Structures are given as structure tokens and as C-alpha cells.
Amino acid sequence: MDLQKDIIIAIDGHASCGKSTLAKKVANKLQYSYIDTGAMYRAATLYALDNGFVKNGELNKQELVNNLDKINIDFRFDSELNKSLTFLNGKNVEEEIRTMRVSDFASPVATVGEVRRKLVALQQIMGENKRITMDGRDIGTVVFPNADIKIFLTATAQKRATRRYKELIEKGQDVKFEDILENVQTRDRIDSTREVDPLKQAEDAILIDNSNLNVEETYAVVMAIIIERFGEGLF
Ligand code: DC
């Protein structure tokens, strides 16, 4: 059994299947950092929307690329909320990046190669000292191809949309189930078919379909995998 203590855990998968919740729980247990890379693409999307790079529903990729240097994204831990918040150019955008307005344009922004190069480089720096769980679409394939544990999470689109719908309604957002389902399906399609770093399962990733598992059960499956590989030495 490997007694190595500092590892990288990569969690990839389809939109809204609980990657962030899972990655956060695992990070808490191991006392690791947790990075939500989707939040970084969402923050870049918010910048594009707020600066008029989306007109008539079309993203002007060139304008976004020309302004990439002006986009600064970082995470700051809020000890009162006990969670990490996403900051865009010094402003807390944690809530705003979760709205449908941003969700609708996040995938097109994430197809832009220059955006990906910038964010992937940042993510690699964040993981330099290991002891990190990172979730996204290309963590096990591009950001950390040598990650110690790779999980590929999925569930049916119907299940994922239902969960997301409940979450947004609980937050008080005025949303329709059909719109959420369409957003989830469209994002899957764009994420999986884009030319640069498409969403795909790494060859050495473990596939988990959590259509019929709740948060705790999914977490238990992943912790069992981690303990089987690395033993209790990680705790
Ligand atoms: O995980 P999420 O739904 O918050 O991600 C938002 C968008 O960002 C999603 O449509 C795909 C994209 N994304 C990506 O292309 N690569 C990542 N590593 C993370 C997210």
C-alpha cells in the first residue's frame, strides 16, 4: 500500500452532477484545498457579459481574447461562511456566477483556447503543492494528467436538471425546469464536442454514475476508493 500523503484528486464529469459538492466534502475530510474550476470559467463569462462582449446572444471571442489580461480571478476563504468565494477583479462574484445568465454563456466562453490556456496555467500553479481536490471537465486529462486519483462523475440529464432546479428554487431564483434541462443538455453537448480540451473520461479515471446515489452515498463510494489506494495514511 502506498503511504504517500500529499495527493491530487481530479473530479471531472457532466454539468450539475454534484462534482463541486463531492470535491468539497473530500477536501474537508482530508484537510486539502478545494478548487472549483467551473467558477473560474463562470467568472470569465461574467466579465464577457458585463463588458459587452456578448451581443444579440453571440459571444465576440476576439474581444474576449484581446481583454484576457484584464481578467483576474482568485478565491478567498470566508471564515464566517466557512467557504471559499470567487473574486473577479477584486469583487465577490460568488452569487452572480451561479445565475442562469452566466450559465447560458459559460460553455461558449470555455471553448475559447486562449481562455483555457490562461485558466489551466493558473490551476496548475494552485496544485503545485498537491493536497488539493479540483473539479471541472479537463482536470484528469489536461490540468493534472498525473493526478493520483481521477473520478469521472455522471448521471442522467433528467436527474441532474431536477437537482439543479431544486437548488435554484431554494435560492429564490425564478427558473423553469425545462430551461434548466435544456441548459444542462446544451452544456454537455458544447463541453463534449469543443475542439480544445473537450470533456472526456481519462483512460485511468474511475466512472461513477450517481443517478441513483445521493450526496452521502456518492461521497462514500469515493472515500472507499481513496482509502483502498492510499490507506488511512492520508488522514
Ligand atoms: O462546472 P460548472 O458548471 O460550474 O462549469 C461552468 C462551465 O465551464 C461549463 O459549461 C464547462 C466549463 N468548464 C470547463 O470547460 N472546464 C473546466 N475545467 C470547468 C468548467
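Engineer: Would you mind showing me how to read the sheet that holds strand β9 (residues 149-154) here?
Structural biologist: Strand pairing within a sheet occurs via backbone hydrogen bonds; the two strands may be parallel or antiparallel. Here we have five strands laid out as an open sheet, ordered β2-β8-β1-β9-β10, and parallel in their pairing. Edge positions in the sheet fall to β2 (33-36) and β10 (206-209), since each of these pairs with one other strand and no more. When the angles between neighbouring strand axes are averaged without regard to direction, this sheet yields 20°. Summarising the sheet, β9 and β10 pair through four bridges and their orientation is parallel.

Engineer: Help me understand the sheet that holds strand β6 (residues 83-88), please; the structure alone is not making it clear to me.
Structural biologist: Strand order in the open sheet made by the three strands is β5-β6-β7, with antiparallel pairing throughout. Of all the strands in the sheet, the pair left with one neighbour each is β5 (73-78) and β7 (91-92). One ladder, built from two bridges, connects β6 with β7; its direction is antiparallel. Pairing of Leu88 across the sheet is with Lys91, part of β7.

Engineer: Hey, could you run me through the pairing of β9 in this one?
Structural biologist: In terms of burial, β9 is largely enclosed, as six of its six residues are buried. A two-sided burial pattern is seen for β9, the buried positions comprising Ile149, Ile151 and Leu153 on one face and Lys150, Phe152 and Thr154 on the other. Sheet analysis places strand β1 (residues 8-13) next to β9, joined by five bridges and oriented parallel. Note that in β9 the partner of Asp12 across the bridge is Phe152.

Engineer: It is not clear to me how the nonpolar core should be interpreted in this structure. Could you clarify?
Structural biologist: The nonpolar side chains of a soluble globular protein tend to be buried with one another. Grouped together as the largest cluster of nonpolar side chains are 36 residues, with contacts concentrated most on Leu64 and Val115. When contributions to this core are tallied by element, the ones reaching two or more residues are β1, α2 (37-50), α4 (100-110), α5 (113-126), β8 (132-136) and α6 (139-143). Of the residues forming this core, the biggest block, nine residues, is contributed by α2. Apart from the residues within four sequence positions on either side, Leu64 is in contact with Ala44, Ala48, Phe53, Leu59, Ile71, Val109 and Val115. Within the second largest apolar cluster, 23 residues are counted, among which are Leu22, Tyr32, Tyr219 and Ile226.

Engineer: It is not clear to me how unusual backbone geometry should be interpreted in this structure. Could you clarify?
Structural biologist: Negative phi characterises most residues that are not glycine, and trans characterises most peptide bonds. The backbone of Ser16 sits at a positive phi, close to 55°, despite the residue not being glycine. In this structure, Ser16 sits in the loop between β1 and α1 (19-30).

The rules behind each value
Residues numbered from 1 in each chain as written. Predicted model: local features only at pLDDT ≥ 70, side-chain atom pairs only at ≥ 80, totals over all residues. Heavy atoms only, no water. Pairing = 2+ DSSP bridges. Helix = DSSP H or I, 4+ residues; strand = E, 2+ residues; numbered from the N terminus. Axes fitted to C-alpha atoms, helices over the stretch in contact; angles between N-to-C directions. Buried < 20%, exposed > 50% of the residue type's maximum accessible area, 1.4 Å probe, protein only. Core = buried A, V, L, I, M, F, W, Y, C linked by side-chain atoms within 4.5 Å. Contact = heavy atoms within 4.5 Å.

The analysis is restricted to geometry; functional conclusions fall outside its scope.
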